[in-house]
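One letter stands for each residue in the lines below.
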Amino acid sequence: MRIRENFHDGCELYTEELRKRTADLFRQAFQITEMKRLLAEIRKQSVLLREVFLTEEEMEEEQKTADDFDAKMRGTVSFTLNNLETYQQSAWKELIYKGDVGHE
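Residues numbered from 1 in each chain as written. Predicted model: local features only at pLDDT ≥ 70, side-chain atom pairs only at ≥ 80, totals over all residues. Heavy atoms only, no water.

1. Overview of the overall build of the protein
Selection rule: Helix and strand definitions here come from DSSP, where helices need a minimum of 4 consecutive H or I residues and strands a minimum of 2 consecutive E residues; each element is numbered from the N-terminal end. Only protein chains enter the accessibility calculation, which uses a 1.4 Å probe; a residue is then buried when its area is under 20% of its type maximum, exposed when over 50%, and partly exposed in between. With residues, only the protein chains shown are counted as cover, and all accessible areas are computed by Shrake-Rupley using a 1.4 Å probe.
For the protein, the helix and strand inventory stands at three helices and zero strands. Its helices and strands taken in sequence order, the protein reads α-α-α from the N to the C terminus. Across the 104 residues in the protein, those meeting the buried criterion constitute 0%. With the model as given, the accessible surface of the protein reaches about 10900 Å², and the carbon-plus-sulfur share is 58%.

The structure is reproduced here in structure tokens:
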């Protein structure tokens, strides 16, 4: 029995075409792995974004709160204008400055 000095003797080596196909396969596998990593990171970040966005129910609640506030402000403006007109008609300046001699 004889020991081979070169274990490649008698074996076919990869052809150039097979080497290119193998290299392309590894490149594609790496790209797929990288895409999976990026998608996992996007998924992780999207979970964090859920806290920023409102659900449909929360949006409706926020809109109702804004509408209520708007209605209160409209009532306040109307009430304030009404009071100012009443004060003008009742000569409020004369009541305030009645005892003030230096003011006309």
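2. Topic: helix α2 (residues 56–89)
For the record, the criterion: Multiplying one less than the number of residues by 1.5 Å gives the expected span of a helix.
Between its first and last C-alpha atoms α2 spans 50 Å; for 34 residues at 1.5 Å apiece the expected length is 50 Å, and the two agree. Looking one or two residues beyond α2, the residue adopting positive phi is A91, at roughly 55°.

3. With respect to a nonpolar patch on the surface
For clarity, the cut-off: The patches reported here contain residues having more than 30% relative accessible area and no salt bridge. Joining distances are 9 Å for like charges and 5 Å for nonpolar side chains (Val, Leu, Ile, Met, Phe, Trp, Tyr). By convention in these notes, a salt bridge is any Lys or Arg side-chain nitrogen within 4 Å of a carboxyl oxygen on Asp or Glu.
On the surface, a nonpolar cluster with roughly 400 Å² of combined accessible area is contributed by V77, L81, L84 and Y87. Locating L84 in the fold gives a position in helix α2.

4. What about the confidence of the model for the protein?
Note the following rule: The predictor reports its confidence for every residue as pLDDT, a score running from 0 up to 100.
Put simply, the protein has an average pLDDT of 81, and 75% of its residues get 70 or more. The least confident element of the protein, judged by mean pLDDT, is helix α3 (residues 92–96) at 69; the most confident is helix α1 (residues 16–49) at 91.

5. Concerning a negative patch on the surface
As a reminder of what qualifies: Counted charges follow a simple rule, with Lys and Arg positive, Asp and Glu negative, and His plus the chain ends left uncounted. In this description, the location of a charge corresponds to atom NZ of lysine, CZ of arginine, CG of aspartate or CD of glutamate.
There is a patch of like negative charges on the surface, built from E56, E57, E58, E60, E61 and E62. Mapped onto the fold, E57 is located in helix α2. Residue classification places E57 among the exposed residues on the basis of a relative accessible area of 56%.

6. Notes on the pattern of salt bridges
Where charged atoms of side chains with opposite charge meet at close range, the side chains can pair. One pass over the full model with this rule turns up five salt bridges. The salt bridge partner of R27 is D24, with a shortest N-O separation of 2.5 Å. Of this pair, R27 and D24 both sit in helix α1, three residues apart, roughly one helical turn. We note a salt bridge from R74 to D70, for which the minimum N-O separation is 2.9 Å. Linking R74 with D70, this pair stays in helix α2, spanning four residues, or about one helical turn.

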